[in-house]
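Secondary and tertiary structure notes
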Amino acid sequence: MSTLYSLADELRRIGDALEDSGGELTPELEAALNATEGAFEAKVEACIALAAEKERDAEGAQSEGKRLEALSKSRFGAAERLRLYVKAQMEAAGRLKVETPLFKVAVQNASRPSIRWTWDMEALPEAFVKVIPATSRLDSDAALKAYKAGTLPEGFEVATSTFLRVR
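Here goes a summary of the coordinates provided. Numbering of residues begins from 1 in every chain and follows the order in which that chain's sequence is written. Side-chain atom pairs in this predicted model are given and counted only at pLDDT of 80 or more, local residue features only at pLDDT of at least 70, and totals for whole chains, interfaces and linings cover all residues. With hydrogens and water set aside, each side-chain value is computed from the structure's full complement of heavy atoms.

Counting its secondary structure elements, the protein chain contains 4 helices and 7 strands. The secondary structure listing takes helices from DSSP runs of H or I that are at least 4 residues long and strands from runs of E that are at least 2 residues long, numbered from the N terminus. For the protein chain, the sequential pattern of α-helices and β-strands runs α-α-α-β-β-β-β-β-α-β-β. Taken against the 2.2 N^0.38 rule, which gives 15 Å for 167 residues, the C-alpha radius of gyration of the protein chain at 32 Å runs more than 25% over that of a compact globule. Across its three principal directions, the C-alpha atoms of the protein chain cover 90 × 55 × 25 Å. Each residue's exposure class comes from its accessible area (1.4 Å probe, protein chains only) as a fraction of the maximum for that residue type: buried when under 20%, exposed when over 50%, partly exposed otherwise. The buried share of the protein chain, reckoned over its 167 residues, is 18%. Contact between two residues is taken to exist if any of their heavy atoms lie within 4.5 Å; hydrogens are not considered. Pairs at least 24 apart in sequence give 58% of the contacts found in the protein chain among residues at least 6 apart. Both definitions apply: the radius of gyration is a C-alpha atom measure, and the globule rule equals 2.2 Å times residues to the power 0.38.

In structure tokens form, the structure reads like this:
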């Protein structure tokens, strides 16, 4: 007959294998559980204790995941704010290109302006209506074409933008 320590060790090995299998109790693992020796009550107690430990470990991992997700969002946000700061400083200084030993940085015009209709949708000229079943919206491709041709009617707002290019 095995000792309580050897039972706990064997159950821990089975628990680790269960975790490695993605939590799936395979027929092999079930057979290993059935093959463990020990008093029934001790076996039940050890299994439940191991389950509680795995649950605490999972809760800890979940908390760490949330912490890492928040850290990731914060770091991505910081990177974006730094790029926006550099872009604003370059524009303010009138230096739209800067070359350093590590980077070539340039403020460039976006390839496509943002165009939006500022009046009531009912007043949108028919040539610029894109009909989608049960809804109508601005056909931005038609608006861009008219903008480029210089024939965009009154009621549109055109905004061009820049972006920071780092190579």
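Moving on, we get to the layout of surface pockets. The definitions used throughout rest on a 1 Å grid laid over the protein atoms alone, on which a cavity is an enclosed set of points accommodating a 1.4 Å probe that cannot get out and a pocket is an open set flanked by protein within 12 Å on both sides along at least five of seven lines; lining residues are those having an atom within 4 Å of a point. Grid points are joined across faces, edges and corners, and a volume is the space filled by probe spheres set on the points. Roughly 340 Å³ of volume is contained in the largest pocket. In terms of lining, the largest pocket is formed by 15 residues, of which the most central are Gly15, Leu18, Leu50, Ala51 and Lys54. Counting residues per element, the ones that place at least two in the lining of the largest pocket are helix H1 (4-20) and helix H3 (40-93). Looking at which element gives the most residues to the lining of the largest pocket, the answer is H3, with 8 residues. Lys, Arg, Asp and Glu make up the charged group, whereas Ala, Val, Leu, Ile, Met, Phe, Trp, Tyr, Cys and Pro make up the nonpolar group; the residues left over, Gly among them, are polar. Split by residue class, the lining of the largest pocket holds 9 nonpolar, 2 polar and 4 charged.

Just distances and angles here, no functional claims.
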